[in-house]
Amino acid sequence: MTRIALKQLHPDPRNANVCGPSVLEKLRRHMERSGFCPSLLVRPHPKRSKHYIVVDGHHRLMVAQLLGWKEIDCQIKEMTDEEAGLLLLTLNRLRGTDMPRKRAELIESLLGPFSLNDLSLMLPESGEEIEGLLALIKQDEDALEKAFDAQMEEERQTLPVPFGFMLSAEDAALVREALAFYQARRQSDQGDALVAICRDALSCHEVDDGQAQT
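Report on the accompanying structure. (Residues numbered from 1 in each chain as written. Predicted model: local features only at pLDDT ≥ 70, side-chain atom pairs only at ≥ 80, totals over all residues. Heavy atoms only, no water.)

1. Things to note about the pattern of salt bridges
Inference 1: Evaluated as defined, the whole model comprises 11 salt bridges.
Inference 2: The shortest N-O distance in the salt bridge between Glu25 and Arg29 comes to 3.5 Å. Residue Glu25 and its partner Arg29 are located together in helix α1 (residues 21-34), separated by four residues, close to a single helical turn.
Inference 3: Between Glu125 and Arg103 there is a salt bridge, with its nearest N and O atoms 2.5 Å apart. Placement of Glu125 in the loop between α5 (116-122) and α6 (127-158) and of Arg103 in helix α4 (residues 100-109) is noted, with a sequence separation of 22 residues between them.
Inference 4: A single network of salt bridges, built from pairs that share partners, joins Glu25, Arg28, Arg29 and Glu32. (Salt bridge = Lys/Arg side-chain N within 4 Å of Asp/Glu carboxyl O. Helix = DSSP H or I, 4+ residues; strand = E, 2+ residues; numbered from the N terminus.)

Written as structure tokens, this is what we have:
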């Protein structure tokens, strides 16, 4: 067992385990009254000398910081990122409640070094339950993709569309004259004027069709 300064301890950002306020308050009262808590399991920090990453005991570290403790008992163990990940998924499951999304992300990160079958043999979840957790990530990705597609479709409906064609000089003069007339009448630009001309033409066509039918 080793006494380590709290400033040298760092929570593992992959930790998916959280405690509710009432549980944390009970832990705080216990630690404050007794001045003791079970030792933390830590591993050497891969980039900072004499610093450590917490594997088990995130909530105890949090409460110790709130209480103003300077040091805490720790058990130091050398381990790889994968080994630490497995312990985060097992030891911490005994306390608090997991956030499903973060637990799923951590499980997914271990699917390289370990197979789904390997994880099902080492974690509390069965293979089917692990697949269910991983489906949370897929659902979020599908939702994001649908939202992106909807946004793109909305932009396609509102963004300007290039429109052009070739005319003879005589016809071009006629079109420019008609556009200028509609622009002046509607106080609009050429694009809006052209749309107005088309709408008027179609309205006249509908009136003619209606009269022909009667």
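Now that the structure has been shown, the text picks up again.
2. A closer look at the side chain of His59
Inference 1: By the element assignment, His59 lies in helix α2 (residues 58-66).
Inference 2: Given the relative accessible area of 11%, His59 is considered buried.
Inference 3: Ignoring anything within four residues of it in the chain, the contact list for His59 reads Asn17, Val18, Cys19, Leu24 and Leu27. (Buried < 20%, exposed > 50% of the residue type's maximum accessible area, 1.4 Å probe, protein only. Contact = heavy atoms within 4.5 Å.)

3. A word on the sheet that holds strand β2 (residues 9-11)
Inference 1: Strand order in the open sheet formed by five strands is β1-β6-β4-β5-β2, with mixed pairing between adjacent strands. Since the sheet does not close on itself, it has two edges, and those belong to β1 (2-5) and β2, each with one partner. Along the sheet, successive strands turn relative to each other by an average axial angle of 55°, direction set aside.
Inference 2: Direction of pairing for β2 relative to strand β5 (residues 52-56): parallel, over a ladder of three bridges. Pairing of Leu9 across the sheet is with Tyr52, part of β5.
Inference 3: Lying on the sheet, α2 is in contact with β2, β4 (40-44), β5 and β6 (71-76); it crosses β5 at an angle near 120°. (Pairing = 2+ DSSP bridges. Axes fitted to C-alpha atoms, helices over the stretch in contact; angles between N-to-C directions.)

4. Structural notes on the packing of α1 against α2
Axes are the key here: two packed helices are described by the angle between their axes and the distance separating the axes.
Inference 1: Interhelical geometry of α1 versus α2 gives an angle of 60° and a closest axis separation of 10 Å. Here the hand of the crossing between α1 and α2 comes out right-handed. Where α1 approaches α2, its residues Leu24, Leu27, Arg28 and Met31 are matched on the opposing element by His59, Arg60, Met62, Val63 and Ala64.
Inference 2: Across the contact of α1 with α2, the residue classes tally to six nonpolar, one polar and two charged. (Left-handed = near helix turned anticlockwise from the far one by under 90°. Nonpolar A, V, L, I, M, F, W, Y, C, P; charged D, E, K, R; others polar.)

5. Overview of unusual backbone geometry
Inference 1: Although it is not a glycine, Lys50 adopts a positive phi angle of roughly 60°.
Inference 2: With respect to the helices and strands, Lys50 occurs in the loop between β4 and β5.
Inference 3: On the accessibility criterion, Lys50 (63% relative accessible area) is exposed.

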